[in-house]
Amino acid sequence: HETFPEPVFAEPLPIPAAAFEPAVWAEAPPLEIEEAYTVEEVEEEAEPAATATLGELYLHQGHPREAERIFREVLDREPSNTAARIGLEKAGQTAPRPLAAADLLEGFDPDETPGPNARKIHLLSSYLKRIRQGQRSRPHVS
């Protein structure tokens, strides 16, 4: 086992008692304040947060809706950005769409299963089956 020397911490510098005297503060020169910036000026100077690379990261991490939002923001700023256009297309192909009743009614034949609640029973059974399989939605296909 290696042994390490005890750390050595520097002692804090003592503050002279005179620094706490009100007279010292009264004689201090006034502070010069720099010109303040407006929010608009700061936003203009700031680098844009949305980039095609950020959109790609969201896409690869399985967040197509967030990726789509980022790609659209990039395209609003730079309409000719090829990477953002390609990324937006990819995001649209992988974005899940909400599950619709029509998806759950596949294979339902009202003549085959009579009764006033047959459709509801089929819908709920199909939905439960998808939940158990982990398929709550299907990818959107253009």
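These numbers come from a predicted model, not from an experiment.

### Looking at the packing of helix H4 (residues 64-77) against helix H5 (residues 82-94)
Move 1: Here H4 crosses H5 at 155 degrees, and the two axes come no closer than 9 Å. The pairing of H4 with H5 is recorded here as roughly antiparallel in orientation. In the packing of H4 onto H5, the handedness of the crossing is left-handed. Listed contacts from H5 to Pro64, Ala67, Glu68, Phe71, Arg72, Val74 and Leu75 of H4 are Ala83, Ala84, Arg85, Gly87, Leu88, Ala91 and Thr94.
Move 2: Considered class by class, the residues forming the contact of H4 with H5 number 9 nonpolar, 2 polar and 3 charged.

### Remarks on the side chain of Asn81
Move 1: Take Asn81: it is sitting in the loop between H4 and H5.
Move 2: Within the structure, the side chain of Asn81 is placed 3.1 Å from the backbone nitrogen of Ala83, a separation counted as a polar contact.
Move 3: Aside from chain neighbours lying at most four places away, what touches Asn81 is Ala52, Val74 and Leu75.

### Let's talk about helix H7 (residues 118-133)
Move 1: Over its 16 residues, H7 runs 22 Å from end to end, which matches the ideal 22 Å to within 8%, given 1.5 Å per residue.
Move 2: Listed in full, the buried residues belonging to H7 are Ala118, Leu123, Ser126 and Arg130. Buried residues in H7, looked at end-on, bunch into an arc of 135 degrees, giving them a common side. Structural note: H7 exposes Lys120, Ile121, Leu124 and Arg132 on the side pointing more than 90 degrees away from its buried face.
Move 3: Those residues of H7 that are buried lie in contact with helix H6 (101-104).

### Let's talk about the nonpolar core
Move 1: Among the nonpolar cores identified, the biggest contains 11 residues, and these are Ala50, Ala52, Leu59, Ala67, Ile70, Phe71, Val74, Leu75, Ala84, Leu88 and Ala91.
Move 2: Broken down by secondary-structure element, the contributors of at least two residues to this core are helix H3 (52-60), H4 and H5.
Move 3: Per-element tally for this core: the top contributor is H4, with 5 residues.
Move 4: Filtering out sequence-adjacent residues up to four positions away, Ala50 remains in contact with Ile70, Glu73, Val74 and Arg77.

Conventions used here
Residues numbered from 1 in each chain as written. Predicted model: local features only at pLDDT ≥ 70, side-chain atom pairs only at ≥ 80, totals over all residues. Heavy atoms only, no water. Axes fitted to C-alpha atoms, helices over the stretch in contact; angles between N-to-C directions. Helix = DSSP H or I, 4+ residues; strand = E, 2+ residues; numbered from the N terminus. Parallel < 35°, antiparallel > 145°, perpendicular 65-115°, else oblique. Left-handed = near helix turned anticlockwise from the far one by under 90°. Contact = heavy atoms within 4.5 Å. Nonpolar A, V, L, I, M, F, W, Y, C, P; charged D, E, K, R; others polar. Polar contact = N/O pair within 3.5 Å; in protein donor to acceptor, adjacent residues only side chain to side chain. Expected span 1.5 Å × (residues − 1). Buried < 20%, exposed > 50% of the residue type's maximum accessible area, 1.4 Å probe, protein only. Arc of directions from axis to C-beta. Core = buried A, V, L, I, M, F, W, Y, C linked by side-chain atoms within 4.5 Å.

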